[in-house]
Amino acid sequence: MNQDEFFMRKAIEQAQFAKEIGEVPIGAVIVINEKIVSSSYNLREIEQRSIAHAEVLAIDLACKKIGSWRLEDATLYVTLEPCPMCAGAIMLSRIKRVVYGATDPKGGCAGTLMNLLQEQRFNHQSEVVSGVLEKECGDLLSQFFKQLRERKKRQN
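Cut-offs applied
- Residues numbered from 1 in each chain as written.
- Predicted model: local features only at pLDDT ≥ 70, side-chain atom pairs only at ≥ 80, totals over all residues.
- Heavy atoms only, no water.
- Buried < 20%, exposed > 50% of the residue type's maximum accessible area, 1.4 Å probe, protein only.
- Helix = DSSP H or I, 4+ residues; strand = E, 2+ residues; numbered from the N terminus.
- Pairing = 2+ DSSP bridges.
- Right-handed = clockwise from strand over helix to strand, strands pointing away.

J.: Report on the pairing of strand E4 (residues 97-102), specifying residues and quantitative values.
T.: Within E4, six of the six residues are buried, leaving the element largely enclosed by the surrounding structure. Strand direction decides the pairing type here: strand E3 (residues 74-80) and E4, joined by five bridges, are parallel. Bridge pairing links Leu 80 to Ala 102 in E4. In this view, the connection linking E3 to its parallel neighbour E4 by way of helix H4 (residues 84-92) has right-handed handedness.

J.: Would you mind going over unusual backbone geometry in detail, with residue names and values included?
T.: Of note in this structure, Asn 33 is not a glycine but carries a positive phi near 50 degrees. When its relative accessible area of 66% is taken as the criterion, Asn 33 is described as exposed. We note that Glu 34 has phi near 65 degrees; this positive angle belongs to a residue other than glycine. The class for Glu 34 is exposed, based on a relative accessible area of 59%.

J.: Could you give me a rundown of the pairing of strand E2 (residues 35-41), with the residues and numbers involved?
T.: Two strands pair when backbone bridges link them, and strand E1 (residues 27-32) and E2 are joined in this way by six bridges, in the antiparallel orientation. Residue pairing in the sheet places Gly 27 in a bridge with Tyr 41 of E2. Counted along the chain from E1 to the antiparallel partner E2, the turn is two residues long, and its residue Asn 33 has a positive phi close to 50 degrees.

Here you go:
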C-alpha cells in the first residue's frame, strides 16, 4: 500500500464515523510531514450548519493545531471530490496537495465540473490527485444513499 492509499484509508475511517451517526459518509484527513494533523467527517445534519463539511472542519482544526491559517506543507485526503466551498477553503488555506477518492458529478470542483484548485487566476494552486481508492469511496456513498432511499420508501 502506498502513502496515498494509507492516508485515504484513514479518511475512509472518518467517513465510516459519519455513516454511523446518519451523516453523508465523507471523511477528510490533513497530513503534514507524513503525520496526521487533523481529521474530520461531515456533521451538516447533526450541527445543522451548511459549512460543516469534512474538509472545512479538518482545515479549521489543523489551523488551530499548528497555530497558522497557512497549511502550505499539508496534503488533504478526502473521500469525495471537494465542492466549491471546500475548494475555496483549500485554496485560501494554501494546502499544497489534495488527494480525493470518488468524483462528484454534481458538485466536484477539483476537475469534474471545474477545477478551482488549479485555476491560474488565483494566487494559489494545489496539486490534485484523483481516484485514490475511488471504488471504496464511491461504494460507501452509493450504499448510504441506497439505504436512505429504501428507508424513505418504507416510511411512505
